[in-house]
Number of protein chains: 2
Amino acid sequence: MATITLADVAAHAQVSTATVSLVLRNQGRISDVTRKRVLAALEELGYVYNQTAANLRNRSSNQVGLLLHDITNPFYAEMTAGLSDEMESHQMMLFLANTAESAQRQQRFVDSLLQNNASGMVMCAARQTPALFYESLKRRQIPVIMAVRSPADSGFDYVGTDNFLGIQLATQHLLNQGHRNIAFIGGQEGSSTRAQRLGGYSSKLLENQIPVRSEWIISCEATQSSGAQACTALLAAFPQITAAVCYQDIVALGVMLALRQKDKVIGRDFALVGFDDISEASLVQPALTTVSVAAREIGRKAGQLLFSRIQGNDEPPKRIILPPSLVIRESCGSAKF
Amino acid sequence: MATITLADVAAHAQVSTATVSLVLRNQGRISDVTRKRVLAALEELGYVYNQTAANLRNRSSNQVGLLLHDITNPFYAEMTAGLSDEMESHQMMLFLANTAESAQRQQRFVDSLLQNNASGMVMCAARQTPALFYESLKRRQIPVIMAVRSPADSGFDYVGTDNFLGIQLATQHLLNQGHRNIAFIGGQEGSSTRAQRLGGYSSKLLENQIPVRSEWIISCEATQSSGAQACTALLAAFPQITAAVCYQDIVALGVMLALRQKDKVIGRDFALVGFDDISEASLVQPALTTVSVAAREIGRKAGQLLFSRIQGNDEPPKRIILPPSLVIRESCGSAKF
DNA sequence: TTGTAGGCGTTATCAA
DNA sequence: TTGATAACGCCTACAA
């Protein structure tokens, strides 16, 4: 069956294509009689609007992209849900891309977005994103909101959380419990997010006249097994450590695994704080005390900002920093040491 | 800056637009000299291909949609990752929609896909999807792969798991451990998936001369709290129950919560099997024995099938059923009762 | 209030 | 091997 076009509808309703177009978009003053006739024709012919043609004509689209490393990471899944809700409320379509930390895949996806005339994007940049990428992205006229990972380049809007403050909260909590030998586990060297968190950690130690020991600061992948491994190695070398601030909940979960293998009782023999408040955090035994960053809210805020940019908001780049909060559960015990 | 079009490139390279178009798509016989000249011009002008125009002209697109209820459900996140990988390997863009079980949102998204000329979709239909929806969807010429939830309508391709067999495995495992008083917790009445799982459960009981007690079959929402509530109510009425087959891992996690409140030791006082093998299953204490359905693989297979349909494969509707497997962990203990 | 007609950027047909 | 040109379906001046 041939596709029904605006012209077909117009012919059927005995009006012009312009009239039909106006009715479709509720624009212009169209008399009630005409409108009804058009609506009826639309219905009768089973007309389907061709967004592609409209996009071409308008040099725009109602499509935006979301780039992230791993949708199976609960943190990002939450964020995606927030963004998706927000976009849907504006009748925009959301393209999803899993870059898996590959700068190449990321570049490919952005190219596709550009080719598809996407009207904007939210991105959690891959770790090895070259500076050139940001440069050339800025030259395009497309709104881009960076999320979660703050780019070195300050020319972009950014929505994220206060990493420094978040880890300060976590560290202070451990200090309050009486711990003095506190390690920092996780994150990738060179990451700016990690630098911020590390700053929160060390600032709190120093504030309490506790020396920062670089051997107790250890990096690892964002997986449970890496976390477990890191913890095992650390405790073998420094058994005096009684607590750890973990870079992420996932790492913390790994650390718990390792501790359990050493028959350490978490919350009594060893205290632990995570970061992200992923849903697993409340499920493990003992439940993980962690820093919550409201992933869904980050997605929502990023969506709102993106939409306003698409609408033409051209204020200078913004940084929206959502306040983190400490969710106290069981992994730090409650007794003073 | 005005957009650079094919015509601009053609002018710059002193060839026709047809030639440039052919070079771009590696089609037709173009002499090496010309090709190089075109390529150079492309580069020089910083040309960006306009997919929208091509789509309009071709009456097609490289976009597909994915509809699901909740991306934050780890099962669907995994599936999404599988599908996303598959689509990316074919250079297709993936639209994501969170329908949140709303038939209305689902309809809106499908309409958008149609309007955008999407070339296909994978959908996990919302629970209350009206039969009319399927009817009208079939009339469109767009490939649709149903996933996870099998539609009553058999006119669609389907990729999912064998619910019947999966729950049979789970039930048999409990029987092997010596349990006789086994409950079934979870799922929504009227769901066909649930009917299949219930079938697996009751068939195994009957096979072992154990009567099926309908009071021990209880439905609940797919949340932890509902699971917990259901378990509490059930045990209050029937303390003789010693084991449960849960409709989903999420429900099983809720049941664990409830058991713990009753000071029952899971794996010793009460045995539990879940379904889905979400990542939380291996994290809880004790780790949850569950039926694994390879969510990622479902996504991948759905993607492959969808792609083949888009390529023109017009065999009759297929049902791809992935075999489930029992992942034995700790929640059923190991001692015979 | 409604109609006419040209153009958005690409592809495909046909001719050269 | 390459070029000219007419669609694809919609939107928007400009006219009526």
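Residues numbered from 1 in each chain as written. Chains lettered and ligands numbered in written order. Predicted model: local features only at pLDDT ≥ 70, side-chain atom pairs only at ≥ 80, totals over all residues. Heavy atoms only, no water.

1. Quick word on the overall build of chain A
Now for step 1: Per the secondary structure count, chain A includes 12 helices and 12 strands.
Now for step 2: By the compact-globule yardstick of 20 Å for 337 residues, chain A is too spread out, its C-alpha radius of gyration being 26 Å.
Now for step 3: For the C-alpha atoms alone, the extent of chain A along its principal axes is close to 85 × 40 × 35 Å.
Now for step 4: Taken across its 337 residues, chain A has 53% of its residues classed as buried.
Now for step 5: In chain A, once contacts between residues fewer than 6 apart in sequence are set aside, the share between residues at least 24 apart is 70%. (Helix = DSSP H or I, 4+ residues; strand = E, 2+ residues; numbered from the N terminus. Rg over C-alpha atoms; globule rule 2.2 N^0.38 Å. Buried < 20%, exposed > 50% of the residue type's maximum accessible area, 1.4 Å probe, protein only. Contact = heavy atoms within 4.5 Å.)

2. As for the sheet that holds strand E10 (residues 289-292) of chain B
Residue and element names in this part refer to chain B.
Now for step 1: Spatially, 6 strands are ordered E7-E6-E8-E9-E10-E12 in an open sheet, and the strand pairing comes out mixed. Each edge of the open sheet is held by one strand with a lone partner, namely strand E7 (217-218) and strand E12 (325-327).
Now for step 2: Looking at chain direction, strand E6 (residues 182-185) and strand E8 (residues 243-246) are connected through 4 bridges and run parallel. Along E8, the bridge assignment pairs Phe184 with Val245.
Now for step 3: Along the sheet face, helix H11 (residues 249-261) touches E6, E8, strand E9 (271-276) and E10 and points at about 155 degrees away from the line of E9. (Pairing = 2+ DSSP bridges. Axes fitted to C-alpha atoms, helices over the stretch in contact; angles between N-to-C directions.)

3. Focus on the protein's contact with DNA strand C
Now for step 1: Taken together, 25 residues lie around DNA strand C, and Arg29 and Thr34 of chain A together with Tyr47, Tyr49 and Arg57 of chain B are the ones closest in.
Now for step 2: For DNA strand C, the backbone portion of the atoms within 4 Å of the protein, that is sugar and phosphate, comes to 75%.
Now for step 3: Note that a base nitrogen of DNA strand C is positioned 2.5 Å from one of the side-chain N or O atoms of Arg57 of chain A.
Now for step 4: Residue assignment for the surface near DNA strand C shows that the elements contributing at least two residues are helix H2 (17-24) and helix H4 (51-58) of chain A together with helix H2 (17-24) and helix H4 (51-58) of chain B. (Near = heavy atom within 4 Å. Polar contact = N/O pair within 3.5 Å; in protein donor to acceptor, adjacent residues only side chain to side chain.)

4. Describing the protein's contact with DNA strand D
Now for step 1: As a structural note, the neighbourhood of DNA strand D is formed by 26 residues, with Tyr47, Tyr49 and Arg57 of chain A together with Arg29 and Thr34 of chain B the closest of them.
Now for step 2: Here DNA strand D approaches the protein such that, of its atoms within 4 Å, sugar and phosphate make up 79%.
Now for step 3: In this structure, Asn58 of chain A approaches DNA strand D through a side-chain N or O atom, which is 3.5 Å from a sugar or linking oxygen.
Now for step 4: Ser31 of chain B places a main-chain nitrogen or oxygen 2.8 Å from a phosphate oxygen of DNA strand D.
Now for step 5: Ranked by residue count, the leading element in the surface near DNA strand D is H4 of chain A, at 4 residues.
Now for step 6: Partitioning the surface near DNA strand D into residue classes produces 10 nonpolar, 11 polar and 5 charged. (Nonpolar A, V, L, I, M, F, W, Y, C, P; charged D, E, K, R; others polar.)

5. Concerning the packing of aromatic side chains
Now for step 1: Enumeration according to the criterion identifies 11 aromatic pairs over all chains in this entry.
Now for step 2: Among the aromatic residues, ring-to-ring pairing joins Phe133, Tyr134 and Phe156 of chain A into one connected group.
Now for step 3: A cation over an aromatic ring shows up here: Arg197 of chain B above the ring of Phe275 of chain B, its NZ or CZ 3.7 Å from the ring centre. (Phe/Tyr/Trp six-rings, centres within 6.5 Å; stacked < 30°, edge-to-face > 60°. Lys NZ or Arg CZ within 6 Å of the ring centre and 35° of its normal.)

6. Structural notes on the interface of chain A and chain B
Now for step 1: On the chain B side, the residues contacting the 45 residues of chain A number 45 residues.
Now for step 2: Across the interface of chain A and chain B, roughly 4100 Å² is buried in total on both sides, 54% from carbon and sulfur atoms.
Now for step 3: Here Arg105 of chain B ties to Glu88 of chain A by a salt bridge, and the two come within 2.4 Å at their closest N and O atoms.
Now for step 4: Summed over the shared surface of chain A and chain B, the number is 13 residue pairs in polar contact (both at pLDDT 80 or more).
Now for step 5: Taken together, the elements giving at least two residues each to the side of chain A that touches chain B come down to H4, helix H5 (74-89), strand E2 (93-98), helix H6 (103-115) and helix H11 (249-261) of chain A.
Now for step 6: Residue classes in the side of chain A that touches chain B are distributed as 17 nonpolar, 18 polar and 10 charged. (Buried area = accessible area lost by both parts, 1.4 Å probe. Salt bridge = Lys/Arg side-chain N within 4 Å of Asp/Glu carboxyl O.)

7. With respect to unusual backbone geometry
Outside of glycine, negative phi angles account for most residues, and trans bonds account for most peptide bonds.
Now for step 1: Residues other than glycine seldom take positive phi values, yet Gln14 of chain A does so here, at roughly 55 degrees.
Now for step 2: Take Gln14 of chain A: its relative accessible area is 67%, and that puts it in the exposed class.
Now for step 3: Notably, Gln91 of chain B is not glycine yet its phi reads approximately 55 degrees, a positive angle.
Now for step 4: Inspection of the secondary structure assignment puts Gln91 of chain B in the loop between helix H5 (74-89) and strand E2 (93-98).
Now for step 5: Relative accessible area serves as the criterion here: at 59%, Gln91 of chain B is assigned to the exposed category.

8. Focus on the relation of the copies chain A and chain B
Now for step 1: When chain A is fitted onto chain B, the two copies agree to an RMSD of 0.1 Å after a turn of 180 degrees and an axial shift of 0.1 Å. What the rotation and shift describe, once combined, is the action of a two-fold rotation axis.
Now for step 2: Taken together, the interface assignments show that 100% of the residues at the interface of chain A recur at the interface of chain B, consistent with an identical surface on both copies. (Least-squares fit on C-alpha atoms with pLDDT ≥ 70 in both.)

9. Considering the side chain of Asn55 of chain B
Now for step 1: Within the secondary structure layout, Asn55 of chain B lies in helix H4.
Now for step 2: When neighbours within four sequence positions are excluded, Asn55 of chain B is seen to be in contact with Thr52 and Asn116 of chain A together with Ser60, Ser61, Asn62 and Gln63 of chain B.

10. With respect to the UniProt feature "domain: HTH lacI-type" (unreviewed entry) in chain A
Now for step 1: Sites flagged by UniProt as "domain: HTH lacI-type" (unreviewed entry) map to residues 4-58 of chain A.
Now for step 2: Here residues 4-58 of chain A is 69% helix and 0% strand, with 21 Å between the C-alpha atoms at its ends. (UniProt positions renumbered as here; feature names shortened; annotations may be inferred.)

11. Quick look at the pattern of salt bridges
Now for step 1: In total, this model carries 32 salt bridges over all chains according to the counting rule given.
Now for step 2: Here Asp85 of chain A makes a salt bridge to Arg105 of chain B, at a shortest N to O gap of 3.3 Å. With Asp85 of chain A in helix H5 and Arg105 of chain B in helix H6 (residues 103-115), this residue pair bridges two chains.
Now for step 3: For Asp85 of chain A, a relative accessible area of 28% puts it in the partly exposed group.
Now for step 4: Arg329 of chain B is the salt-bridge partner of Asp277 of chain B, the closest N and O atoms lying 2.5 Å from each other. In this pair, Asp277 of chain B sits in the loop between E9 and E10 while Arg329 of chain B sits in the segment after E12, placing the two residues 52 residues apart along the sequence.
Now for step 5: For Asp277 of chain B, a relative accessible area of 25% corresponds to the partly exposed category.
Now for step 6: A relative accessible area of 22% places Arg329 of chain B in the partly exposed class.
Now for step 7: A network of salt bridges, in which partner residues are shared, links Asp85 and Glu88 of chain A together with Arg105 and Arg108 of chain B.

12. Side note on the environment of Pro323 of chain B
Now for step 1: Take Pro323 of chain B: it is sitting in the loop between strand E11 (319-322) and E12.
Now for step 2: Pro323 of chain B sits in the exposed class, given a relative accessible area of 64%.

13. Focus: the nonpolar core
Now for step 1: Ranked by internal contacts, the top residues of the largest apolar core, which has 151 residues, are Met79, Ile185 and Leu272 of chain A together with Met79, Ile185 and Leu272 of chain B.
Now for step 2: Non-local contacts of Leu272 of chain A, meaning those with residues more than four positions away in its chain, are made with Leu174, Ala244, Cys246, Ala252, Val255, Met256, Leu259, Leu288, Thr289, Ser331 and Cys332 of chain A.
Now for step 3: Tyr158 of chain A together with Phe133, Tyr134 and Phe156 of chain B belong to the second largest nonpolar core, which has 40 residues in total. (Core = buried A, V, L, I, M, F, W, Y, C linked by side-chain atoms within 4.5 Å.)

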